[in-house]
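Next come the chains, spelled out residue by residue.
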Amino acid sequence: MVMNAWTKALLVSIGSANIDNELLEEAVRTTRPSAGPGAGIESFFFNSDGIRVRLAINSNSPLKAQKSRKALKSPGAGGEVSLVLDGNIIASGRLEPALSHCPEQAYITISGRCVSDCKFCPVPRLSGEVRGQEEILQMVEDAWKTGSLKAISLTSGVESSAEEEMKRAVSIVSALRARYSLPIGVSIYPTDTSSEELKQAGATEVKYNVETMDPEIFSRVCPGLSLEYIIESLRKAVEIFGRNRVSSNFIIGLGESDDSVLEGVARLADIGVIPILRPISPHPLRKGEANVNRPSAERLLMLARATKKILEDHNLRPDNAETMCLSCTGCDITPYRDL
C-alpha cells in the first residue's frame, strides 16, 4: 500500500512508531537530532514510493513498524516494511538510512547549545556538543564516501552569541566549498551581515526560523528574540540568495489559529520566503512551559493545501530547494513534494 498525502499527514500527526528491534539491527541507521524541538529523540526514516516520513521511536506509540508479510514469506523480497495502525496496514515501503541526521544529506549541528530560552525547545536544557570544524569536515567526508551524499546542510544553536555562531558557520562553509561542489544549506539565527557573509563563503540556501508568525505567541515562547528582526533578515536574504533559496520553519501547535497561520504564510510568501509548517510535539524537558498540542492530520493537510495555493500565487516552488528540510521532507507535509 503506497503512502499518499493523507497517509503521510496521519503519520506526521502521530509522529512516532513502535518498531521491531530486528529491523533496526539490519544495518538501518537511525538519527538523534541535536537541534530544534525534537532534539535528543531517536528516530528513523520510512519511504513509500518516494514519499518520506521521519518517526520517533516510541514503544508506546499506536503505530507499529514491522516486516511486511511479503518480506516475512520471502527474506529476499527487498526488505519491505509495513506501518500498522489498529491492526490495519496503512502504508508499505522501506526504511532509509540516515547519512547524518537525514537521508542523502550530511545535515550537521554545529552548536548543540543555545543561550535563548524558547519554551518549546529542549536544546537549552541539553548542554549538547559543540563541534569543531575538523570534526564537521570529517563527518561530511564520511558521508561523501557512501556515494549517497547529495547535499550538505548545517544548523546551529547559539552557544554564546549569534555573531560568533555566524562566524563559525561562515568558516565551515568556506572550508566545505573548497572541497565539494555540492549544494550547501545553512540554518542559523540571523545577524546583520549573515546573508552576505554566508553567500560569499559559498552557501546555496539559508533558513532563518520565525518559529511562529503570531506576535503574541512569539513574545511568550521566544522571550528576548525579535520576530520582526527575523522577518527583515529573511527579506534581505531573498535579495541576496534569490527566490526559492530562502525558507523558514513555522511551528504548528502552539495555540495559533488557522487564520493566523495562513496570514503568516502569505506574509512570508510576499517577501519570497518559503514557509515550512512544522508540527510540534511536547518535549519532556519543557513540560508545562508552552501550550503545545500536536496538530491533527486533518489540520496539517488543510494547512499544507492552503499553503500550496499561496505559494502558487507567488511563484514559489519548494521542490526547487536542494538542501535542509525542504529537500528532506521527513517531518512535514511539503507542497509540490507530498501533494
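Residues numbered from 1 in each chain as written. Predicted model: local features only at pLDDT ≥ 70, side-chain atom pairs only at ≥ 80, totals over all residues. Heavy atoms only, no water.

**Topic: the pattern of salt bridges**
Our working rule: We define a salt bridge as a contact between a side-chain nitrogen of Lys or Arg and a carboxyl oxygen of Asp or Glu at a distance within 4 Å. Only DSSP runs of H or I covering at least 4 residues are called helices, and only runs of E covering at least 2 are called strands; the numbering of each starts at the N terminus. Here's how the labels work: a residue is buried when its accessible area is under 20% of the maximum for its type, exposed when over 50%, partly exposed in between, all with a 1.4 Å probe on protein chains only.
The tally for this structure, following the rule as stated, stands at 28 salt bridges. Among the ionic pairs, Arg267 bridges to Glu228, the shortest N-O distance being 2.8 Å. With a gap of 39 residues between them, Arg267 in helix α10 (residues 258–270) and Glu228 in helix α9 (residues 227–241) connect regions that are remote in the sequence. A relative accessible area of 38% places Arg267 in the partly exposed class. Residue class for Glu228 comes out partly exposed when judged on its relative accessible area of 43%. Here the residues in one salt-bridge network are Asp117, Lys119, Arg125, Arg286 and Glu289, joined through shared partners.

**A few points about the pairing of strand β2 (residues 43–48)**
Selection criterion: When DSSP locates at least two bridges between a pair of strands, those strands are taken to pair.
Burial analysis of β2 places six of its six residues in the buried class, the great majority of the element. Here β2 runs beside strand β3 (residues 51–57); their pairing, made up of six bridges, is antiparallel. The partner of Phe45 across the bridge, within β3, is Arg54. Linkage of β2 to β3, two consecutive antiparallel strands, is achieved through a turn of two residues, within which Asp49 is found at a positive phi near 55 degrees. Two elements, β2 and strand β6 (residues 88–96), share three bridges in a ladder whose sense is antiparallel. Among the inter-strand pairings, Phe45 is bridged to a residue of β6, identified as Glu96.

**A closer look at the sheet that holds strand β12 (residues 246–252)**
Read from one edge of the open sheet, seven strands run β7-β8-β9-β10-β11-β12-β13, paired in mixed fashion. A single partner strand is all that each edge strand has here, and the edge strands are β7 (101–102) and β13 (274–279). Across five bridges, the pairing between strand β8 (residues 105–109) and strand β9 (residues 151–155) is parallel. Residue Ala106 lies in a different strand from β9, and its bridge partner there is Ile152.

**Re the environment of Lys8**
Just so we agree on the cut-off: Working rule for contacts: check all heavy atoms of both residues, and any pair within 4.5 Å makes them a contact. By the criterion applied in these results, polar contacts are pairs of N or O atoms within 3.5 Å in which, for protein atoms, one can donate a hydrogen and the other can accept it, and in which residues neighboring in sequence qualify only through two side-chain atoms.
Inspection of the secondary structure puts Lys8 in helix α1 (residues 5–14). Overall, the relative accessible area of 0% leaves Lys8 in the buried class. Along the backbone, Lys8 and Arg243 are 235 residues apart, and their C-alpha atoms lie at a distance of 27 Å. When sequence neighbours within four positions are dropped, the list of residues in contact with Lys8 reads Met3, Ile51, Arg52, Val53, Thr329, Gly330, Asp332, Ile333 and Asp338. At a separation of 2.8 Å, a polar atom in the side chain of Lys8 contacts the main-chain carbonyl oxygen of Arg52.

**Some words on the side chain of Ser187**
Summarising the element assignment, Ser187 is placed in strand β10 (residues 184–187). Among the residues examined, Ser187 registers a relative accessible area of 4% and is labelled buried. Beyond its immediate chain neighbours, meaning those up to four positions away, Ser187 contacts Leu154, Thr155, Ser156, Lys207, Asn209 and Met324.

**A closer look at the sheet that holds strand β1 (residues 16–19)**
Stated formally: Here, axes are lines fitted to C-alpha atoms. For helices the fit covers the stretch in contact, and angles between N-to-C directions go from 0 to 180 degrees.
Strands sit in the order β1-β3-β2-β6-β5-β4 around a closed barrel of six strands; the barrel is mixed. Each strand of the sheet is rotated relative to its neighbour by a mean of 45 degrees, with strand direction disregarded. Of the pairings in the sheet, the one linking strand β4 (residues 63–67) to strand β5 (residues 81–85) comprises five bridges and is antiparallel in character. Looking at β5, one finds that Leu63 is bridged to Leu85. Packed on one face of the sheet, α1 meets β1, β3, β4, β5 and β6 and runs near 20 degrees to β3.

**Comments concerning the packing of helix α5 (residues 133–145) against helix α6 (residues 162–179)**
Quick reminder of the rule: Note on convention: near helix rotated counterclockwise from far helix by under a right angle means a left-handed crossing. Clockwise means right-handed. Asp, Glu, Lys and Arg are counted as charged, while Ala, Val, Leu, Ile, Met, Phe, Trp, Tyr, Cys and Pro are counted as nonpolar; the rest, among them Gly, fall into the polar class.
Closest axis-to-axis distance for the α5/α6 pair is 10 Å, and the angle between their directions is 40 degrees. Relative to α6, α5 is oriented so that their crossing is right-handed. Where α5 abuts α6, its residues Gln133, Ile136, Leu137 and Val140 lie against Ser171, Ile172, Ala175, Leu176 and Arg179. Across the contact of α5 with α6, the residue classes tally to six nonpolar, two polar and one charged.

**A short note on unusual backbone geometry**
Phi at Thr329 is positive, roughly 70 degrees, even though this residue is not glycine. Its place among the elements puts Thr329 in the segment after α12 (324–328). For Thr329, a relative accessible area of 6% puts it in the buried group.

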